[in-house]
Amino acid sequence: MSPGPARGRTSGAEAAGRRGAVRRWQLVRAGSDAVPPSTRRFMRRARQRRMRAALPWAVAAGLLALAGLVAWAVLGTGLFGVREVRVEGAELVNPVQVRDAAGIPDGVPLARVDLAGTARRIGALAPVQRATVTRDWPDALVVRVVERTGVAVVPQGERFVVIDGSGTVFRSLTQRPDDLPLIRVVEPGPDDPGTRAAVEVLGALTPQLRAALVDVTVESLALIKLRLDGDRTVVWGDASRGDDKARVATALLGQRAETIDVSAPDVVTFR
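Cut-offs applied
Residues numbered from 1 in each chain as written. Predicted model: local features only at pLDDT ≥ 70, side-chain atom pairs only at ≥ 80, totals over all residues. Heavy atoms only, no water. Helix = DSSP H or I, 4+ residues; strand = E, 2+ residues; numbered from the N terminus. Buried < 20%, exposed > 50% of the residue type's maximum accessible area, 1.4 Å probe, protein only. Contact = heavy atoms within 4.5 Å. Areas by Shrake-Rupley, 256 points an atom, 1.4 Å probe, with all protein chains shown as cover. pLDDT = per-residue confidence, 0-100. Arc of directions from axis to C-beta. Polar contact = N/O pair within 3.5 Å; in protein donor to acceptor, adjacent residues only side chain to side chain. Patch = residues over 30% accessible without salt bridge, like charges linked within 9 Å, V, L, I, M, F, W, Y side chains within 5 Å. Salt bridge = Lys/Arg side-chain N within 4 Å of Asp/Glu carboxyl O. Lys, Arg positive; Asp, Glu negative; His and termini not counted. Charge placed at Lys NZ, Arg CZ, Asp CG, Glu CD. Core = buried A, V, L, I, M, F, W, Y, C linked by side-chain atoms within 4.5 Å. Axes fitted to C-alpha atoms, helices over the stretch in contact; angles between N-to-C directions. Parallel < 35°, antiparallel > 145°, perpendicular 65-115°, else oblique. Left-handed = near helix turned anticlockwise from the far one by under 90°. Nonpolar A, V, L, I, M, F, W, Y, C, P; charged D, E, K, R; others polar. Pairing = 2+ DSSP bridges.

## Quick word on the overall build of the protein chain
Then, in step 1: In terms of helices and strands, the protein chain carries 7 helices and 12 strands.
Then, in step 2: The proportion of buried residues among the 271 residues of the protein chain is 32%.
Then, in step 3: In the protein chain, 44% of the contacts between residues at least 6 apart in sequence involve partners at least 24 apart.
Then, in step 4: Counting every atom, the protein chain has about 17500 Å² of accessible surface; 55% of that belongs to carbon and sulfur.

## Regarding the confidence of the model for the protein chain
Then, in step 1: Residues of the protein chain with pLDDT of at least 70 account for 76%, and the chain-wide mean is 85.
Then, in step 2: Contacts from residues 6-10, a stretch scored under 50 in pLDDT, to residues over four places away or in other chains number 0 contacts.
Then, in step 3: Considering only residues more than four positions removed or in separate chains, one finds that residues 72-77, a stretch of pLDDT under 50, has 12 contacts.

## Topic: helix 3 (residues 95-102)
Then, in step 1: Residues of helix 3 that are buried: Val-98, Ala-101 and Ala-102. Viewed end-on, helix 3 has its buried residues packed into an arc of 100°, placing them on one side of the element. Facing away from the buried side of helix 3 by more than 90 degrees, the exposed set consists of Val-96 and Asp-100.
Then, in step 2: The N-capping residue of helix 3, defined by a side-chain oxygen 3.1 Å from the backbone nitrogen of Val-96, is Asn-94.
Then, in step 3: Where helix 3 ends, the next residue or the one after it, Gly-103, has phi of about 65°, a positive value.

## Considering a positive patch on the surface
Then, in step 1: The grouping of Arg-44, Arg-45, Arg-47, Arg-49, Arg-50 and Arg-52 at the surface amounts to a positive patch.
Then, in step 2: Within the secondary structure, Arg-44 sits in helix 2 (residues 37-75).

## Remarks on the nonpolar core
Then, in step 1: Residues Leu-226 and Trp-236 are the most contacted members of the largest nonpolar core, which totals 32 residues.
Then, in step 2: Elements with a contribution of two residues or more to this core: strand 4 (152-156), strand 5 (159-163), helix 5 (193-204), helix 6 (207-212), strand 8 (213-220), strand 9 (223-228), strand 10 (232-237) and helix 7 (242-251).
Then, in step 3: Discounting chain neighbours no more than four positions away, the residues touching Leu-226 are Val-201, Leu-205, Leu-213, Asp-215, Val-216, Arg-232, Thr-233, Val-234 and Trp-236.
Then, in step 4: In this structure, Ala-102, Ile-104, Val-128 and Val-145 belong to the second largest nonpolar core, which totals 17 residues.

## Describing the packing of helix 3 against helix 4 (residues 115-123)
Then, in step 1: Interhelical geometry of helix 3 versus helix 4 gives an angle of 130° and a closest axis separation of 8 Å. Looking at the two axes, helix 3 sits oblique to helix 4. Where helix 3 crosses over helix 4, the two elements pack in a sense that is right-handed. Facing helix 3, whose interface residues are Val-98, Ala-101 and Ala-102, helix 4 presents Thr-118, Arg-121 and Ile-122.
Then, in step 2: Across the contact of helix 3 with helix 4, the residue classes tally to 4 nonpolar, 1 polar and 1 charged.

## Section: the pairing of strand 8
Then, in step 1: As paired elements, strand 7 (residues 182-184) and strand 8 share 3 bridges and run parallel to each other. Paired with Leu-182 across the two strands is Asp-215, which belongs to strand 8.
Then, in step 2: When strand 8 meets strand 9, the two strands line up antiparallel, connected through 6 bridges. Paired with Thr-217 across the bridge in strand 9 is Lys-225.
Then, in step 3: Adjacent in sequence and paired antiparallel, strand 8 and strand 9 are bridged by 2 residues.

## Thoughts on the sheet that holds strand 3 (residues 140-147)
Then, in step 1: The mixed open sheet is built from 3 strands, whose spatial order is 1-3-2. At either end of the open sheet lies a strand with only one pairing partner, and these are strand 1 (84-88) and strand 2 (128-136). Taking the axes of each pair of neighbouring strands and ignoring which way they run, one obtains an average angle of 20° across the sheet.
Then, in step 2: Direction of pairing for strand 1 relative to strand 3: parallel, over a ladder of 5 bridges. Directly across from Val-85, in strand 3, lies its bridge partner Leu-141.
Then, in step 3: Along the sheet face, helix 4 touches strand 2 and strand 3 and points at about 145° away from the line of strand 2.

## So, the pairing of strand 4
Then, in step 1: Two strands pair when backbone bridges link them, and strand 4 and strand 5 are joined in this way by 5 bridges, in the antiparallel orientation. When the bridges of strand 5 are listed, Ala-152 appears paired with Ile-163.
Then, in step 2: Hairpin connection between strand 4 and strand 5: a loop of 2 residues separates the two successive antiparallel strands, and Gly-157 in this loop has a positive phi of roughly 65°.

## Overview of the pattern of salt bridges
Then, in step 1: Under the criterion given, the structure shown has 12 salt bridges.
Then, in step 2: A salt bridge links Arg-86 to Glu-84, with the nearest nitrogen and oxygen atoms 3.5 Å apart.
Then, in step 3: Asp-238 is paired through a salt bridge with Lys-245; the nearest N and O atoms lie 3.1 Å apart.
Then, in step 4: According to the relative accessible area criterion, Lys-245 is buried, its value standing at 1%.
Then, in step 5: Three or more residues joined by partner-sharing salt bridges are found here, namely Arg-241, Asp-244, Arg-247 and Asp-266.

Below, the structure written as structure tokens:
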């Protein structure tokens, strides 16, 4: 009978052993051969599609970053700042005057310079008729100046002021230049009717009249006189019909007359 209880005890120990056993799991990376070729191809194509889809966004992001860096360097730093202001076409004004009128501090970013505003400031200089300003990368401004051309001088006290075709005064001289005719008006300027009338008369004169001209006097808008060499006077009247008056006066230059009145060119008188 003793074998019976022994078998019972053995069975109980085995059961307890099985109940106390701990399961241990281990992850094992499967070899490439464990994945079917079709699955591998699918996965590879999926990765390629994701890369192709992400590439344009990556390129765009890179370009935006590069553009931002360039904009910061050009607009926000002195890396491309103004180092030089070159002046072309200036004779009556010197480069220092032009640079001072431009008012551009050294080192200001070249891309931020207001070209039109700079040109207006330079154009406010009396001898400058117009100015253009351009950028010359990486660090220069180029100012091209067109200066006014004198058409006459006006005595003002002990000096002579030079006016252009619009009547604008842009120079003051101590001596009268030999190559410009003299006009006499009270207040020379582009807004003065007498100045404009005298300039209009000068524009109508023939070469013969210009060669003999001493001065043009505007006594009133209706009474303009030309003084010629030889102590001769041409009464011009107003500034109208300039071509007709110039033609008639030129034809009578050979007459022995101190005064030629062409104010009404159809009926000329002289004495």
